[in-house]
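Observations on the three-dimensional arrangement
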Amino acid sequence: MFYFLADAVHYGDPGTGVLILTVVYTLCAALTAVPVGVLSDRSGRRKGFVVLCSLVMAAAALLLALLHTWPSALAAAAVLGAEYGVHLAVDQALVAQVLPEAADRAKDLGIINIANSGPQVLALALASPVIAHLGGYTGLYAAAALVTLLGGLLVGRVRGVD
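Each chain has its residues counted from 1, running along the sequence as written. For this predicted model, a pLDDT threshold of at least 70 governs which residues receive local features, and a threshold of 80 or more governs which side-chain atom pairs are given and counted, while totals over whole chains, interfaces and linings are taken from all residues. Remark: hydrogens and water are excluded; side-chain values derive from all non-hydrogen atoms of the structure.

1. A short note on the nonpolar core
As used in this record, nonpolar core signifies buried Ala, Val, Leu, Ile, Met, Phe, Trp, Tyr and Cys residues forming a set joined through side-chain atoms within 4.5 Å. Partly exposed residues are those whose accessible area sits between 20% and 50% of the maximum for their type, while under 20% is buried and over 50% is exposed, using a 1.4 Å probe and protein chains only. In this structure, F4, L5, L64 and Y141 are the most contacted members of the largest nonpolar core, which totals 18 residues. The set of elements that each furnish at least two residues to this core consists of α1 (2–9), α3 (47–66), α4 (70–98), α5 (105–133) and α6 (136–155). Numbering goes from the N terminus for both helices and strands, where a helix is a DSSP run of H or I of at least four residues and a strand is a run of E of at least two. If one sorts the elements of this core by residue count, α4 sits on top with five residues. Note on contacts: a residue pair is in contact if any heavy atoms of the two residues lie within 4.5 Å. In this structure, Y141 is in contact with M1, F4, A61, L64 and A65, ignoring residues within four places of it in sequence. Counting residues in hydrophobic clusters, the runner-up holds eight residues, among them V36, V50, C53 and V90.

Pasting the structure below:
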């Protein structure tokens, strides 16, 4: 995000910009996590929320792909934060609900943690060639939107949970 703000948005102080976006993102995540978690628990539904999250996240990524402005970055941070709050509450509940054996839960959750952390480690290595050779930040965020939509579609294949 620092480089996006510096190179594409031309924000005067990208370090401060990242800080502001992080605060907006975090506040929006905090505002959605608990109420949507309660709603999901009461309805017993998980997949619909996760699929909705992927659609919203893809829309925010497309916003970043198409508009390289400070207001669009702020809007994307708010939308992504709100989505992430929903994701934190509902995705973990979905995962816990479909774990196969109680005796293997610690191992299974460890694998899930690696699956969640791995993309964060690989993101920089994957983002650099996309930015350099596949359309800059527009290509990067468009690819993120596409991968997010694919992930949302794959959640529909999860069995044993609504």
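2. Here we look at α4
Helices are assigned an expected span. That span is 1.5 Å times one less than the residue count. Across its 29 residues, α4 extends 40 Å between first and last C-alpha, which sits within 8% of the 42 Å expected from 1.5 Å per residue. The sharpest bend along α4 reaches about 30 degrees and sits at H87. Throughout, bend refers to the angle between the axes fitted to the seven residues that end at a position and the seven residues that start at it.

3. Quick word on the packing of helix α2 (residues 14–43) against α4
Only the contacting stretch of a helix is used when fitting its axis, a line to C-alpha atoms as for every element, and angles between N-to-C directions run 0 to 180 degrees. Contact geometry for α2 and α4: axes closest at 6 Å, N-to-C directions at 35 degrees. For α2 against α4, the interelement crossing comes out right-handed. Note on convention: the crossing is left-handed when the near helix lies turned anticlockwise from the far helix by less than a right angle, right-handed when the turn is clockwise.

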